[in-house]
Structure formats: C-alpha cells, structure tokens
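Below are the chains, spelled out letter by letter.
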Amino acid sequence: MKKGNAGGKQLRVLSLLPGASDIVRALDAVKLLVGRTHECDWPELQSLPACTSNKLGDMPPAEVDQAMGACSSAMPTLGWAGATPALLEMGLSPYRTDLDLLARLKPDVILTQMQARNAGQRERGLGPELSPDHYLAALEALLGYRPAVVQLDALELQGVWKDMRAVAEGLRLGSKGADTIKGLQARLAAASAAARGRQHPRVVVVQWSDPLFAAGGWVPQLVEMAGARDMLGKVEEAVTFTPQQLADAKPDVVAFALCGFSLADSQQLAQQAMQQLVATGGGAVAAALEHARIIVTDGLHVFSRPGPWLVQSLEVLVEALHGEAQGYGHEGRLWAPLEGRGRGAATAAV
C-alpha cells in the first residue's frame, strides 16, 4: 500500500473543521495547511482553497434539523456501499467535501470529524458501524495512497485537550501541543477565577431553537467554571427540552448560543424562539422569560469551535454573567443582550 509523505518534505495538511484550523493556528503551524473549510475565517487562511461547502444551504432551524437527520440516516447506506466517492463527499466531514479539489491537494494529513451512525440508529440496529477503515479505503481509492487522518471527536473538555494533542502529534510538532494546552488551560483558570466568590445564577444555554436543544458537550463545564449552574444541559450531549421544562428550571439567564449562526442572525432567531416559547408554553413560560436576563452569542465561534476559542467562550460567560467582575471587550462582538430587552439582569440565587 502506498503511503503519503515519507521523508523530509514538509507535510501537506488539510483541515476539514474550523476548530481544527484554530488548533493548527494556535500551534503556529499554519504554513503546513494546503486547504481549509469554507467556514475557516482567520484572515491568514483566506488564500488557501476551501475544500468544503454547506450540505444544506440556507434553511430555517426546523428544516435544518430534519435535513441533518435525513443525512445521518443515509450514512448506513453509504457504509454498505463500501469505498464510494459519496461516502467521502457526505461523510468525511460535517460538510460536503469537494473530492476533485481534495485529490489535487494531495494531503498527507487530514484533520476532520468523520461521520458515523447516530445513537438512535445504533439503538435501532440500522446499518454497520462506520469505522475509520471505511473512509481510509475510500481515500486510498481516490488518492492512490492512505493519508493520515486525525479524527477530532471531543465530547467534553478533556476530549478537547486529547484532540489537540492528537493534532500536534499528527503534525509532528513535538512538545508544542503540551505547551499550547498548558497556556490555554491557564487562561481558562484565570477567567474562572474572576467569577469566584460571586453569585451562582441559574442558566439555560439554548444550542438550537427548533426543536429546542440545551447545549451539551463542554458547555455545561464552562458554565460551571463561570460560577453558574446549568439547569438543563448535560456534559457530552445536547438534549431536547420543552417550554415547561424551561419554566420549571426558573433560569436567571437564558443564553441563545445557536450553533452555526452569526450574532446578528442569532438575534433574529432568538426573537422568533421567544415568541414561539410564549405562544406554546403559556403563562408559566412567559413569566420565566420575563424574570430571566436574555443574552445571545455568536454561534459561529462561541462554544461551537472546540479548541482555542473555548477561552473566549468562557470569557463571554464571565463577562455576561459577572460584568462587574471582569470585562473582556467581547460584548457587541461575541455576545449581546437580546435586542429590546434592555440590560437588567434577574437577581440570581446564591
């Protein structure tokens, strides 16, 4: 079997995740990149070819959720078909991958998140488990060799550090990974310390507005580090919730952290979600939302890109929840109060 780069040549690295590009940048290894995703937005990366596009186009959140479910349901069929181009195009990353461009770029290392069956499909016994071997075989058929593939699949903070170490190892950067992680952890600790000894507001973080999902993964850990209590989120997984569960949570703060949407778009979607919550939830929900302070975050960066951006994500929480403690200058750029609601915060329980 033919391998990729073997010897002293500079590695050719393709990033198929914005968070992976963030990690490469933090490792001071941008010079190794030969391609990026369409959502990689650092200025120094814009001259690189974008190897991905949105699978779905512009849709309302409810339609996006349904379409993503359909894409996920199709993955077992692609797995049965074997090493096909369609498997790579739709499953090599969360986006649609341009295979012609991928082949021309001839990467030695691919940083990505290969798609597999979701939990519901596993429970129902739908299709084979899609393993890295399925994708490696398809890549070999396309490229004529098997590149190294670094799979980034963190579900909580420790997983983020593990992924960063894997990227540094895949890029042959020696101790730079450990040093970079240590620096990021120190910045997280400093932001967390700014919230210490203050009130502990009850917080609900909304990751998706239709259907309603509470943010999971590393977000509840960041909420705790910010001195708050996440009332609906669970570490590792996003979970659905009802308007009544929101009312029962009695939040002091509701944060709309809508994954994949800009701050401006998130403002509009949050306004729509608030109206829908009140319309379907009745008086109890209306009272809970009237009590709570409502904030909106930039879902393109805050919480949604595991890696260096988690530092700014924690700083956003500290600034929004404890503005008297520490200001980081993120308001208006990475987060804002919901338009029309003013700046007054509910009184948090200690």
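Whatever comes next refers back to the structure up there.
Definitions and limits used
Residues numbered from 1 in each chain as written. Predicted model: local features only at pLDDT ≥ 70, side-chain atom pairs only at ≥ 80, totals over all residues. Heavy atoms only, no water. Pairing = 2+ DSSP bridges. Helix = DSSP H or I, 4+ residues; strand = E, 2+ residues; numbered from the N terminus. Axes fitted to C-alpha atoms, helices over the stretch in contact; angles between N-to-C directions. Parallel < 35°, antiparallel > 145°, perpendicular 65-115°, else oblique. Left-handed = near helix turned anticlockwise from the far one by under 90°. Contact = heavy atoms within 4.5 Å. Nonpolar A, V, L, I, M, F, W, Y, C, P; charged D, E, K, R; others polar. Salt bridge = Lys/Arg side-chain N within 4 Å of Asp/Glu carboxyl O. Buried < 20%, exposed > 50% of the residue type's maximum accessible area, 1.4 Å probe, protein only. Polar contact = N/O pair within 3.5 Å; in protein donor to acceptor, adjacent residues only side chain to side chain.

Trainee: Just to check I follow, could you spell out the sheet that holds strand E2 (residues 33–35) for this structure?
Mentor: In sheet architecture, strand pairing relies on hydrogen bonds along the backbone and comes in two forms, parallel and antiparallel. Spatially, 4 strands are ordered E2-E1-E5-E6 in an open sheet, and the strand pairing comes out parallel. Each edge of the sheet is formed by a strand with only one pairing partner; in this case those strands are E2 and strand E6 (148–151). Averaged over all pairs of adjacent strands, the angle between their axes in this sheet comes to 30°, without regard to strand direction. Pairing of strand E1 (residues 13–15) with strand E5 (residues 109–112) involves 3 bridges; the strand directions are parallel. Paired with Val 13 across the two strands is Val 109, which belongs to E5.

Trainee: In this structure, what is going on with the packing of helix H7 (residues 157–170) against helix H8 (residues 176–194)? I would like to understand it.
Mentor: In a packed pair of helices, the relevant descriptors are the angle between the two axes and the axis-to-axis distance. Taken N-terminus to C-terminus, the directions of H7 and H8 make an angle of 150°; their axes are 9 Å apart at the nearest point. When the interaxial angle is binned, H7 and H8 end up roughly antiparallel. The two elements H7 and H8 cross, and the hand of that crossing is right-handed. Within the contact between the two elements, H7 uses Trp 161, Met 164, Arg 165 and Ala 168 and H8 uses Gly 177, Thr 180, Ile 181, Leu 184, Gln 185 and Leu 188. Residues of the contact of H7 with H8, tallied by class, amount to 6 nonpolar, 3 polar and 1 charged.

Trainee: Help me understand the environment of Pro 306 in this model?
Mentor: Along the polypeptide, Pro 306 turns up in the loop between strand E12 (293–297) and helix H12 (309–321). Here Pro 306 is in contact with Gly 19, Ile 23, Val 160 and Trp 218, once residues within four sequence places are set aside.

Trainee: Got a minute to help me understand the pattern of salt bridges in this structure?
Mentor: For side chains bearing opposite charge, pairing can occur when the charged atoms are close. In total, this model carries 6 salt bridges according to the counting rule given. Among the salt bridges present, the one from Arg 96 reaches Glu 89, with a minimum N-O distance of 3.0 Å. Owing to a relative accessible area of 27%, Glu 89 belongs among the partly exposed residues under this scheme. One network of salt bridges, in which partners are shared, links Asp 22, Asp 41 and Arg 305.

Trainee: How do you make sense of unusual backbone geometry when you look at a structure like this?
Mentor: Excluding glycine, residues mostly have negative phi values, and the peptide bonds linking residues are mostly trans. Geometrically, the link from Asp 210 to Pro 211 is a cis peptide bond, its omega value of 0° lying close to zero. Position of Pro 211 relative to the elements: it lies in the loop between strand E7 (202–209) and strand E8 (212–214). Look at Lys 106: it is not a glycine, yet its phi comes out positive at around 50°. The topology assignment puts Lys 106 in the loop between helix H4 (99–105) and E5. On the basis of relative accessible area, Lys 106 is assigned to the exposed category, the value being 52%. Although it is not a glycine, Arg 172 sits at a positive phi angle of roughly 60°.

Trainee: Help me understand the side chain of Arg 36 in this model?
Mentor: Within the secondary structure layout, Arg 36 lies in the loop between E2 and strand E3 (52–53). Reaching out from Arg 36, the side chain makes a polar contact with the backbone oxygen of Leu 48 at a distance of 3.0 Å. Beyond its immediate chain neighbours, meaning those up to four positions away, Arg 36 contacts Leu 14, Ser 15, Leu 45, Gln 46, Leu 48, Pro 49, Ala 50, Cys 51 and Thr 52.

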